[in-house]
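The chain contents come next:
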Amino acid sequence: LELILDTIINHLGEKGTFLLPVFNFDFCETNYFNYHETPSNMGSLTVVSLNNNNRFKRTKHPIYSFVVSGYFSKEFSSLNNKGGTSLSSPFALIHKLKGKIAAIDIPDQNCMTFYHYVEDVHNVPYRYHKEFNGKYINEDKQEINATYSLFDRDLDQGVETFLSPAEKMLWGRNLYSGDKPFSGAGIRSIGVETFFEFVSFIIENSAENVLYKKS
């Protein structure tokens, strides 16, 4: 796993920046987050990266945090966005820097949180900003009371995230580069600007049964 991380970072070079999601949703239930100790729930690569303090720095959101290494690491790690996918979040900075998203052997339904950033930018009516308050152990190991939020689906409307149709459209329009999940190398990528424009088009026309469905 360390070799994989080293290979990616070396490939990006001195002016490259590499982020991995180290999301953990415990803050929503336990009202507790520790910047140094709360683990990642996003797979083995992210667990290893989170334990590599010499190379990676963690961002501050207690639910949607990332580890970052490289040229723009200070810009990302200095963010303290209250909204998980807000215009002050790492998602927005990735967008501003014209980055790329890559995924390995996992469908959009289970990995592409960037959809929710685009939905947040457009303030879609089937989601809302849900706040979570709790005990937060910060980077300086100080205990504070903190409030953060997610742009959550509206359960009162019976909203369910449903991204399979959008993923099929991305492949159908040749917007993804690489291989589909569980075929070939299973690695795909897409430019953030391209992805943002595509999802914005869906939202501006009809997102129901493409990005979400109602139960």
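My aim in this report is to walk through the structure given alongside it, one point at a time. In this text, all values refer to a predicted model and were calculated from it rather than measured experimentally.

Core analysis: the biggest nonpolar cluster contains 48 residues, and Phe114, Tyr115, Tyr126, Phe195, Val199 and Leu211 have the highest contact counts within it. When residues of this core are traced back to their parent elements, those giving at least two are helix H2 (26–30), strand E4 (66–70), helix H5 (90–96), helix H6 (114–121), strand E6 (127–137), strand E7 (143–153), helix H7 (164–172) and helix H8 (192–205). Tallying contributions element by element places H8 first for this core, with 7 residues. Contacts of Tyr115, omitting those with residues within four sequence positions, involve Asp108, Leu163, Ala166, Glu167, Leu170, Phe195, Val199 and Leu211.

So, about the packing of H7 against H8. The N-to-C vectors of H7 and H8 enclose an angle of 125 degrees; their axes lie 12 Å apart at closest approach. The orientation of H7 relative to H8 falls into the category oblique. Handedness of the crossing formed by H7 with H8: right-handed. Of the residues in H8, those in contact with Ala166, Met169 and Leu170 of H7 are Phe195, Phe198 and Ile202. Of the residues that constitute the contact of H7 with H8, the class distribution is 6 nonpolar, no polar and no charged.

With that settled, consider the sheet that holds strand E9 (residues 177–178). Strand order in the open sheet formed by 3 strands is E5-E10-E9, and the pairing between neighbours is antiparallel. This sheet does not close on itself; its edge strands, each paired only once, are strand E5 (100–104) and E9. Alignment of E5 against strand E10 (residues 187–191), held across 5 bridges, turns out to be antiparallel. Bridge pairing in E10 places Lys100 opposite Gly191. Each of E5 and E10 is contacted by H8, which is oriented at about 80 degrees to E10, the strand it contacts most.

Reading the values: rules and limits
- Residues numbered from 1 in each chain as written.
- Predicted model: local features only at pLDDT ≥ 70, side-chain atom pairs only at ≥ 80, totals over all residues.
- Heavy atoms only, no water.
- Core = buried A, V, L, I, M, F, W, Y, C linked by side-chain atoms within 4.5 Å.
- Buried < 20%, exposed > 50% of the residue type's maximum accessible area, 1.4 Å probe, protein only.
- Helix = DSSP H or I, 4+ residues; strand = E, 2+ residues; numbered from the N terminus.
- Contact = heavy atoms within 4.5 Å.
- Axes fitted to C-alpha atoms, helices over the stretch in contact; angles between N-to-C directions.
- Parallel < 35°, antiparallel > 145°, perpendicular 65-115°, else oblique.
- Left-handed = near helix turned anticlockwise from the far one by under 90°.
- Nonpolar A, V, L, I, M, F, W, Y, C, P; charged D, E, K, R; others polar.
- Pairing = 2+ DSSP bridges.

These results come straight from atomic positions and should not be treated as a statement about function.
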